Structure formats: C-alpha cells, structure tokens
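Tertiary structure, described
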Amino acid sequence: MMLKAWKRIGTHLDRRKKAAFLGDLQRRGFPAALVCPTTYLVTRRADAQTVRVSAAAEARRAEIAATPGEPIEIIYSPKPGSARNCERPAEGARLLFSYDRVAHTGKDAKWCTFLLLCARESRARTVVELGACAGISAYYLASAPSVERLVTVEGSAALAAIARETLRPVADRADVHNGLFDDALDRLLPGLGEVDFAYIDGHHESVATMHYFRRMKPRLAKGAWVLFDDISWSSDMRDGWNAIVAMPGFSHCVDYGTVGVCLWSGEDTVGRVWDLRSISGHTAIGSPHGWGLDAGSVAD
C-alpha cells in the first residue's frame, strides 16, 4: 500500500510534497522518534549543535583527504562468506587506498548528520558500530548527547589509527577496536551490557549483514535502534534487507534506500515496513562489479 502511494506521487518529489507526505506518515503511525531525522532528509536544516558537530567532523574529513603520503594498505579478508554475483579480490589481497579515498569512503555529511540525529533521538547510551574506516561516522554518533560509550570496529590497523585520531575529541566515550568483526564481537559483547544502538556497516553482503545482526541480537535492549548501511548497494544487499524486515522482533523497519533503520521490540511479531526511498532521493539498486576493486588498486 505504501509503495503504491509513492508511485502515485512520483519518484522525484519536491520538498513541499515530501513534507506533506511526511505529515501524512505521522497520521498513519510513523514512529515519532524518527520524525526529526526524516525531516532533516527533506529540509537539510539542523539545529546549531548539530551544525557544529558536522562542521568539526567535516573539517577532520578534509584534513584526512589532504594528508600527503603513500596509499594506505588494507588486507582483504572476506568473512563470513561472499555475495554470489559480485567479483571479489583474492583473500589476503593488498588493496591500496589513497587518503582522499579513505576520507570519502562511507557516509557523506548528509547521511552522517542523519546518523547523529538518529542517535540523538534514540537517546542511546551504548552504541556499537561495525566498520570505522576513518572514524567520521563514529564521531557523529559519539557526539549525540546521550551517548556514554561508543565502540567501533575496524579490520585495518592503518585505518584504525586514523579513526583513533578522528575520535580524539570524544575519546572519553569512544573506543576503536582493531580486528575482524567476529573476533571483536567475541571480546566486546560480554562486557557491553545492553546495546541501545547498532550501526552495521563495513561488509556489504547479505550473508555477512545477517550474520552480524544475529550475533548482536541477544544484546539488544528493548527499543534499540539497528541501522543497516548500504542496503541498496547491490541486489544481494536488497535481498538481505528484505529478509531482515521479514524477521520477527522489530516494531518498525524504515527503508531510506541508502540506510535501513529498524526499531527493536523483542516481540515475536513482524514489524511495520515503511518505504521512504522517495523521501531520501535514493531509489536505485547498485550493480557493483567488484568489492574494493573500484575503491583502490590491488598491490602486486
């Protein structure tokens, strides 16, 4: 029903129509806590505190991009499993990323601001991120007023070092853990207590995404927010997203095209799904020809 409504309005909505449709969503029972982040995607307007966080984070991004030096080496380690129809480097291949590419890998300022607003509106105290890269998204998340502890995991030692420097201003509540995601979760989850906010990024394959979600599920607090990144990166990731929203335990699942936001209820029922791809402006499904190969060269 929701998708038909979007088609009637059209794919490319102007801001006024988007705002009107957002008001209609609220009348239909759209989660109140998601109104602010969703409204930001429509208006691009944010409060002064959010603007200050974004300015600091983007200054750090620019600093990383301008860093001189040899490309950063990242060792490719595909776990647990690989997507079917996407070329992959060999396991153990050395991928070379420029500093500029590192700085701009991951979410841009628009989507990082969205992440910050989600963390703020969720009132999360404990946040787990899988996929730190340069630490930019972690900086936004850790800057939410309620956050007491953020742990972000990065498989590359070189990137983890960059992320630690990025997070230095919020180091009292943000930690970077270098290691494979599964190994890091083995170490971290027992000591975290309940997780209020999980951001699953860094491994854009449905098998891996489902795997890491299942690992964190027993630790989720009732009412926790779980964000899945790059859900339209490939048809494989869309398949994974469609499987996630069909699982019991969520009250609401919101599809923003780029990011999927799910609210954990812990109940044995399937949540209500909201398709907001036209609100976000991201309606296409990607067709990647290779992981890493389009982001950096492969060293001999």
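Since this is a predicted model, take the numbers as computed values, not measurements. (Residues numbered from 1 in each chain as written. Predicted model: local features only at pLDDT ≥ 70, side-chain atom pairs only at ≥ 80, totals over all residues. Heavy atoms only, no water.)

Within the secondary structure, threonine 50 is located in helix α4 (residues 48-65). For threonine 50, a relative accessible area of 2% puts it in the buried group. Of the polar contacts made by the side chain of threonine 50, one reaches the side chain of arginine 120; its length is 3.5 Å. (Helix = DSSP H or I, 4+ residues; strand = E, 2+ residues; numbered from the N terminus. Buried < 20%, exposed > 50% of the residue type's maximum accessible area, 1.4 Å probe, protein only. Polar contact = N/O pair within 3.5 Å; in protein donor to acceptor, adjacent residues only side chain to side chain.)

Let us look at the sheet that holds strand β6 (residues 195-200). Ordered by their spatial adjacency, eight strands build an open sheet running β5-β4-β3-β6-β7-β9-β8-β10, and the pairing between neighbours is mixed. The outermost strands of the open sheet, each flanked by one partner alone, are β5 (174-178) and β10 (272-275). Averaged over all adjacent pairs, the angle separating strand axes in this sheet is 15°, with direction ignored. Two strands pair when backbone bridges link them, and β6 and strand β7 (residues 220-229) are joined in this way by five bridges, in the parallel orientation. Paired with alanine 198 across the strands is valine 226, a residue of β7. Against the sheet, helix α11 (residues 235-245) touches β7, β8 (250-255), β9 (259-264) and β10, its axis set at about 155° to β8. (Pairing = 2+ DSSP bridges. Axes fitted to C-alpha atoms, helices over the stretch in contact; angles between N-to-C directions. Contact = heavy atoms within 4.5 Å.)

Quick look at the packing of helix α3 (residues 35-43) against helix α6 (residues 109-122) now. Running from N to C, α3 and α6 point in directions that differ by 160°, and their axes come no closer than 8 Å. Considering the angle they form, α3 stands roughly antiparallel to α6. Pair α3 / α6 crosses with right-handed handedness. Along the contact surface, α3 presents Cys36, Pro37, Thr38, Tyr40 and Leu41, while α6 presents Ala109, Lys110, Trp111, Thr113, Phe114, Leu117, Cys118, Arg120 and Glu121. Residue composition of the contact of α3 with α6, by class: nine nonpolar, two polar and three charged. (Parallel < 35°, antiparallel > 145°, perpendicular 65-115°, else oblique. Left-handed = near helix turned anticlockwise from the far one by under 90°. Nonpolar A, V, L, I, M, F, W, Y, C, P; charged D, E, K, R; others polar.)

This part is about the pattern of salt bridges. With the rule as written, the count across this model stands at 17 salt bridges. For aspartate 275, the salt bridge goes to arginine 277, with nearest N and O atoms at 2.7 Å. The network of salt bridges with shared partners includes Arg238, Asp255, Asp275 and Arg277. (Salt bridge = Lys/Arg side-chain N within 4 Å of Asp/Glu carboxyl O.)

Our focus in this paragraph is the nonpolar core. Taken as a class, soluble globular proteins show a tendency for nonpolar side chains to be buried jointly. Counting residues in each nonpolar core, the largest one holds 61 residues, and the members touching the most others are Phe30, Leu34, Val102, Phe197, Leu227, Tyr256 and Val261. For this core, the leading source of residues is α6, giving eight residues. In this structure, Met210, Met216, Ile231 and Phe250 belong to the second largest nonpolar core, which totals 31 residues. (Core = buried A, V, L, I, M, F, W, Y, C linked by side-chain atoms within 4.5 Å.)

Reading fine detail from the predicted coordinates is not recommended where pLDDT is low. Per-residue confidence for the protein gives a mean pLDDT of 88; residues scoring 70 or more make up 86%. Note on residues 1-11: pLDDT under 50 across the span, and 19 contacts to partners over four residues away in sequence or across chains. In the model, residues 291-300 has pLDDT below 50 throughout and makes 27 contacts with residues more than four positions away in sequence or in other chains. (pLDDT = per-residue confidence, 0-100.)

With that settled, consider the side chain of aspartate 230. Looking at the element boundaries, aspartate 230 is found in the loop between β7 and α11. A relative accessible area of 16% means that aspartate 230 is categorised as buried. If we skip the residues at most four places from it in the chain, aspartate 230 touches Lys107, Asp201, His204, Met237 and Thr258.

What follows concerns the pairing of β9. Most of β9 is tucked away, with six of its six residues classed as buried. Here β9 shows a buried face lined by Val259, Val261 and Leu263 and a second buried face lined by Gly260, Cys262 and Trp264. In the sheet, β7 pairs with β9 via five bridges, with the strands oriented antiparallel. Opposite tryptophan 225, over in β9, you have leucine 263 as the bridge partner. Both β8 and β9 contribute to a ladder of five bridges, which runs antiparallel. Directly across from cysteine 253, in β9, lies its bridge partner cysteine 262. Turn length for the β8-β9 hairpin, with the two strands adjacent in sequence and antiparallel, is three residues, and the turn residue glycine 257 shows positive phi of about 80°.

A word on the packing of aromatic side chains. Following the criterion strictly, the structure yields ten aromatic pairs and no others. Plain terms: the ring middles of phenylalanine 228 and tryptophan 241 are 6.3 Å apart, the flat faces sit at 65° to each other, and that makes the pair edge-to-face. Taken together, the residues span a long stretch of sequence, with phenylalanine 228 in strand β7 and tryptophan 241 in helix α11 at a distance of 13 residues. Considered together, phenylalanine 228 and tryptophan 241 belong to a single accessibility category, that of buried residues. Of the aromatic side chains, those joined through ring pairs into one cluster are Phe213, Phe228, Trp241, Phe250 and Trp264. (Phe/Tyr/Trp six-rings, centres within 6.5 Å; stacked < 30°, edge-to-face > 60°.)

All right, on to the pairing of β5 then. As defined by bridge partners, strand β4 (residues 149-154) adjoins β5 across five bridges and the pair is classed as parallel. The residue bridging valine 151 from the neighbouring strand is aspartate 175, located in β5.

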